[in-house]
Amino acid sequence: MKRTRHNSKGLTLLGHSEQSLPASPSEAKLETFPNPSPKRDYWIHLDCPDFTSLCPVTGQPDFARITIDYIPGKTCLETKALKFYLASFRNEPAFNEAVINRILDDLVRACRPRVLRIEGKFSPRGGLGLAVVAEHPRAGAAATAPKFWRRP
């Protein structure tokens, strides 16, 4: 099998392990690379099982599993940059609903996907779990979503 070179021009985090985590999402840099199949609709599924943010009232950590599913447009998200971006929420006090909606807005701004869906399943506190789902371009995109989105 012939190896192909990937276009990594402009990527500043990939291949640089000395980079430190950004202190906040505002300082994080979301990087992209050209979609290798821009004429095809295909799904990319990303799973972050150890997401952490801070409760804006108590300052205690909120833990969640964040899943991101999207159909890329002209660019795809570079995963190391995404990992750094998501890790930067560890210092960010915000309500869970605001966190998920901010991630959606930031990712849409960064890569202009055709469809993007983010779900945050926050660990229960006080016996109550919380899940937040945000979609772009609109709610209802799940009608064309892959099987792993659909619930029994």
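Structural notes, computed from the coordinates. If you're wondering where the values come from, they're calculated on a predicted model, not measured in any experiment.

Cut-offs applied
- Residues numbered from 1 in each chain as written.
- Predicted model: local features only at pLDDT ≥ 70, side-chain atom pairs only at ≥ 80, totals over all residues.
- Heavy atoms only, no water.
- Helix = DSSP H or I, 4+ residues; strand = E, 2+ residues; numbered from the N terminus.
- Buried < 20%, exposed > 50% of the residue type's maximum accessible area, 1.4 Å probe, protein only.
- Areas by Shrake-Rupley, 256 points an atom, 1.4 Å probe, with all protein chains shown as cover.
- Phe/Tyr/Trp six-rings, centres within 6.5 Å; stacked < 30°, edge-to-face > 60°.

### Concerning the overall build of the protein
Summing up its helical and strand segments, the protein has two helices and six strands in all. Put simply, the protein has 152 residues, and 41% of those count as buried. Of the accessible surface of the protein, which amounts to about 9,300 Å², a share of 54% is contributed by carbon and sulfur atoms.

### Some thoughts on the packing of aromatic side chains
All told, the structure shown has two aromatic pairs when counted by the stated rule. Between F51 and F89, the ring centres sit 5.6 Å apart and the planes meet at 50°, which makes this aromatic pair tilted. Pair noted here: F51 is in strand β2 (residues 44-54) and F89 is in the loop between α1 (79-87) and α2 (96-111), with a separation of 38 residues, a long-range link. Look at F51 and you get buried, because its relative accessible area is 1%. Summarising the aromatic geometry, the rings of Y85 and F89 are spaced 5.3 Å apart at their centres and angled 90° between planes, so their arrangement reads as edge-to-face. Neither Y85 nor F89 differs from the other in exposure class; each is buried.

In short, the description is geometric, and any link to function would need to be established separately.
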